[in-house]
Amino acid sequence: MHVPSLIEKKRDGHKLTAEEIKFLVEGFTDGDIPEYQMSAWAMAVFFRGMNAVETKHLTEAMMNSGRVLKYPKDSPPKIDKHSTGGVGDKVSLVLAPLLACDDAWVPMISGRGLGITGGTLDKLESIPGFNVNLDDRRALKQLDKIGVFMIGQTSDICPADKKLYALRDVTGTVPSQALIVASVMSKKLAENLDRLVLDVKFGSGAFMKTRKEAEQLASAMTEVGEGMGVTTAHLLSPMDEPLGRNVGNALEVAEAVEVLQGRGPDDLTKLIVDLAEKVSKTPRKKLQARLKDGTTWKKFISMVYAQDGDATTLEKITEEHRAPIVEPLKAKKRGKVKKMDAELIGRASVLLGGGRQTSEDQIDFAVGMSAIKKIGEDVDLGEPLMMVHARTETSLNTVLPMLQKAVAIQ
Ligand code: URA
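Owing to the predicted nature of the structure, the values given are computational and were not obtained by experimental measurement.

### Notes on the overall build of the protein chain
Okay, step 1: Scanning the protein chain from terminus to terminus reveals 17 helices and eleven strands.
Okay, step 2: A compact globule built from 410 residues would reach a C-alpha radius of gyration of about 22 Å, and the protein chain, at 21 Å, matches this within 12%.
Okay, step 3: Taking the principal axes of its C-alpha atoms as reference, the protein chain extends roughly 65 × 50 × 35 Å.
Okay, step 4: Residues counted as buried form 59% of the 410 residues belonging to the protein chain.
Okay, step 5: Roughly 16700 Å² of accessible area belongs to the protein chain as shown, and the carbon and sulfur atoms make up 51% of that amount.
Okay, step 6: Charge centroids of the protein chain, computed over 56 positive and 56 negative side chains, lie 3 Å from each other.

In structure tokens:
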């Protein structure tokens, strides 16, 4: 097959066959198709889309680029959650250990930051020593011992998504329904799950800007999941303001620790329990109790140790990663917060160094925003609307005007 012709075929709005899609995915994974061609192809998919059949073929090809996990006979049900990506979305850090408190296994494969949204793997790597690259033997052993692991795509599991995800992050090709479906579902299907819940976000800080687009994305992912025998539930959740009060890698770990210790912000805690309820057989009250009484916190600590992380740093993670500059963004008038634009805040976080602008960029774990006011809260003139954590004066001065624009007070 001729790669330029396949790019042109999609560019001109034609459907690709299963063999053509497989050829592209395998060629890219093996390194035979270079990034510039795959970027052009991803952009063609972004503009032209893929129908349900093409999307299924892409998902299967990506899933089959590596191994599908196998479990011992009579092992507990395998359950998991995945989000389509949001700003301040640290749900997985709490939800994975919460679900693992059931008689269930949670084999979570996550991603890194994508576009303006943060990634679970980058957040986890802000914990000193935390290893997101377990091989499947070690990962399965950990499941047997503590019921949960949190890893990334590897050269063995979903290598196609590992490469395509990193490419999409820096080529403006993230918000494509087909590419999101295939990326999310190839990972979840490689986990060989019994039940899955999808957190499908819509709003300024999400890839789907409207509820209708999110509904379409949810039904496309559900069709693929159910078609492969995974009971797939979903929740549509708004993403116009950041989730919780912190954005940035270590800052989000600190907020997740608050939730794990039963004292996190209400919006975040509620979403975690809402999602847990959709995939767990445990009653809501018991799930809530497991966040309050330290059960989930203990599970999280066991997981951190099991994956070589230094759990003694968890309660002082923002001291481990302290940005040299921490400045308030002050309210220019008194009133109620009417808007706290998640998209601009997410972009500011990337510009501060919390996300990547090229695939080689190193993440700065310390930067971001904390103590972000929520929509509906009262503020006084001059009161901090958030604290901005920056590495340099230059990056601070770049994001301040953007952050002023992100907020409206009435
Ligand atoms: N999460 C993923 O794993 N992939 C996407 O494309 C978006 C969110």
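That shown, we press on.
### Details of the site of the ligand
Okay, step 1: Near the ligand you find His82, Ser83, Thr84, Leu114, Tyr165, Arg168, Ile180, Ser183, Val184 and Lys187, and these make up its full shell.
Okay, step 2: Between the ligand and Ser183, the relevant distance is 2.7 Å, taken from a nitrogen atom to a side-chain nitrogen or oxygen of the residue.
Okay, step 3: Lys187 places a side-chain nitrogen or oxygen 2.6 Å from an oxygen atom of the ligand.
Okay, step 4: Against a free-state accessible area of 240 Å², the protein chains account for coverage of 97% of the ligand.
Okay, step 5: Residue assignment for the shell around the ligand shows that the elements contributing at least two residues are β1 (79-83), α8 (159-169) and α9 (177-190).
Okay, step 6: Counting residues per element, the shell around the ligand draws most heavily on α9, at four residues.
Okay, step 7: In terms of residue class, the shell around the ligand is made up of four nonpolar, four polar and two charged.

### A closer look at the sheet that holds strand β4 (residues 195-202)
Okay, step 1: Read from one edge of the open sheet, three strands run β1-β4-β5, paired in parallel fashion. Since the sheet does not close on itself, it has two edges, and those belong to β1 and β5 (231-238), each with one partner. Averaged over all adjacent pairs, the angle separating strand axes in this sheet is 20 degrees, with direction ignored.
Okay, step 2: Looking at chain direction, β1 and β4 are connected through five bridges and run parallel. If you follow Ile79 over to β4, its bridge partner there is Arg195.
Okay, step 3: Where helix α12 (residues 266-279) meets the sheet, it contacts β1, β4 and β5, and its direction lies at approximately 145 degrees from that of β4.

### Observations concerning the packing of aromatic side chains
Okay, step 1: Counting across every chain of the model gives two aromatic pairs.
Okay, step 2: Seen in terms of ring centroids, Phe46 and Phe47 are 5.0 Å apart; in terms of plane orientation they differ by 85 degrees. Their pairing is edge-to-face.
Okay, step 3: On the basis of relative accessible area, Phe46 is assigned to the partly exposed category, the value being 30%.
Okay, step 4: Of the residues examined, Phe47 reaches a relative accessible area of 63% and is grouped as exposed.
Okay, step 5: Over the ring of Phe28 we find Lys163, and its NZ or CZ is 4.7 Å from the ring centre.

### Thoughts on the packing of helix α1 (residues 3-11) against helix α3 (residues 35-48)
Okay, step 1: In contact at an axis separation of 8 Å, α1 and α3 are set at 15 degrees when each is read in the N-to-C sense. Our classification of the angle between α1 and α3 gives roughly parallel. As α1 packs across α3, the resulting crossing turns out to be left-handed. Between α1 and α3, the contacting residues are Val3, Pro4, Leu6, Ile7, Lys10 and Arg11 on the first element and Gln37, Ala40, Trp41, Ala44, Val45 and Arg48 on the second.
Okay, step 2: Per-class residue counts for the contact of α1 with α3 are eight nonpolar, one polar and three charged.

### A word on the pattern of salt bridges
Okay, step 1: Taken as a whole and judged by the stated rule, the model has 30 salt bridges.
Okay, step 2: The closest approach of N and O atoms between Asp102 and Arg290, which form a salt bridge, is 2.6 Å. Highlighted residues: Asp102 in the loop between α5 (91-99) and β2 (106-110) and Arg290 in helix α13 (residues 284-292), separated in sequence by 188 residues.
Okay, step 3: The exposure class of Arg290 is buried, given its relative accessible area of 11%.
Okay, step 4: Arg138 is the salt-bridge partner of Asp308, the closest N and O atoms lying 2.9 Å from each other. Here Asp308 is found in the loop between α14 (295-306) and α15 (317-320), whereas its partner Arg138 is found in helix α7 (residues 136-146), with 170 residues between them in sequence.
Okay, step 5: Residue Asp308 is classed as partly exposed on the basis of its relative accessible area of 42%.

### Quick word on unusual backbone geometry
Okay, step 1: Residues other than glycine seldom take positive phi values, yet Asp74 does so here, at roughly 65 degrees.
Okay, step 2: Mapped onto the elements of the fold, Asp74 is located in the loop between α4 (52-63) and β1.

Thresholds, definitions, all that
In this numbering scheme, every chain counts its residues from 1 along its sequence in written order. Owing to the predicted nature of the model, reporting of local features is limited to residues with pLDDT of at least 70; listing and counting of side-chain atom pairs is limited to 80 or more, with chain, interface and lining totals taken over all residues. The side-chain quantities take in all heavy atoms of the structure and omit both hydrogens and water. In this text, helices come from DSSP runs of H or I with a minimum length of four residues, and strands from runs of E with a minimum of two, each type numbered from the N-terminal end. In this setup the radius of gyration rests on C-alpha atoms only. A globule is expected at 2.2 Å times the number of residues raised to 0.38. Buried residues are those whose accessible area, probed at 1.4 Å on protein chains only, stays under 20% of the maximum for their type, while exposed residues exceed 50% and partly exposed ones sit between those limits. All accessibility values rest on the Shrake-Rupley procedure with a 1.4 Å probe; residue burial counts only the protein chains present in the view. Positive charges come from Lys and Arg alone, negative charges from Asp and Glu alone, with His and the N- and C-terminal ends not counted. The atom standing in for a charge is NZ when the residue is Lys, CZ when it is Arg, CG when it is Asp and CD when it is Glu. For this purpose, a residue is taken to be near a molecule or strand whenever a single non-hydrogen atom of the residue falls within 4 Å of it. In the analysis that follows, any N or O atom pair within 3.5 Å is treated as a polar contact, provided that within protein one partner can donate a hydrogen and the other can accept it, and provided that, for residues neighboring in sequence, both atoms belong to side chains. Three classes are used: nonpolar for Ala, Val, Leu, Ile, Met, Phe, Trp, Tyr, Cys and Pro, charged for Asp, Glu, Lys and Arg, and polar for all others, with Gly counted as polar. Pairing between strands is defined by DSSP: at least two bridges between them are needed. Lines fitted to the C-alpha atoms define the axes, with helices restricted to the stretch that makes contact. Angles between their N-to-C directions range from 0 to 180 degrees. Any two residues whose heavy atoms approach within 4.5 Å at even a single point are treated as in contact. The criterion for an aromatic pair is that two Phe, Tyr or Trp rings (for Trp, the six-membered ring) have centres within 6.5 Å, with stacked assigned to planes under 30 degrees apart, edge-to-face to planes over 60 apart and tilted to the rest. The criterion for a charge sitting over a ring is simple: Lys NZ or Arg CZ within 6 Å of the ring centre, and within 35 degrees of the ring normal. In these notes the angle categories are as follows: under 35 degrees is roughly parallel, over 145 is roughly antiparallel, 65 to 115 is roughly perpendicular, and the rest is oblique. Handedness of a crossing follows from how the near helix is turned relative to the far one, being left-handed for an anticlockwise turn of less than a right angle and right-handed for a clockwise one. Salt bridge criterion: a side-chain nitrogen from Lys or Arg within 4 Å of a carboxyl oxygen from Asp or Glu.

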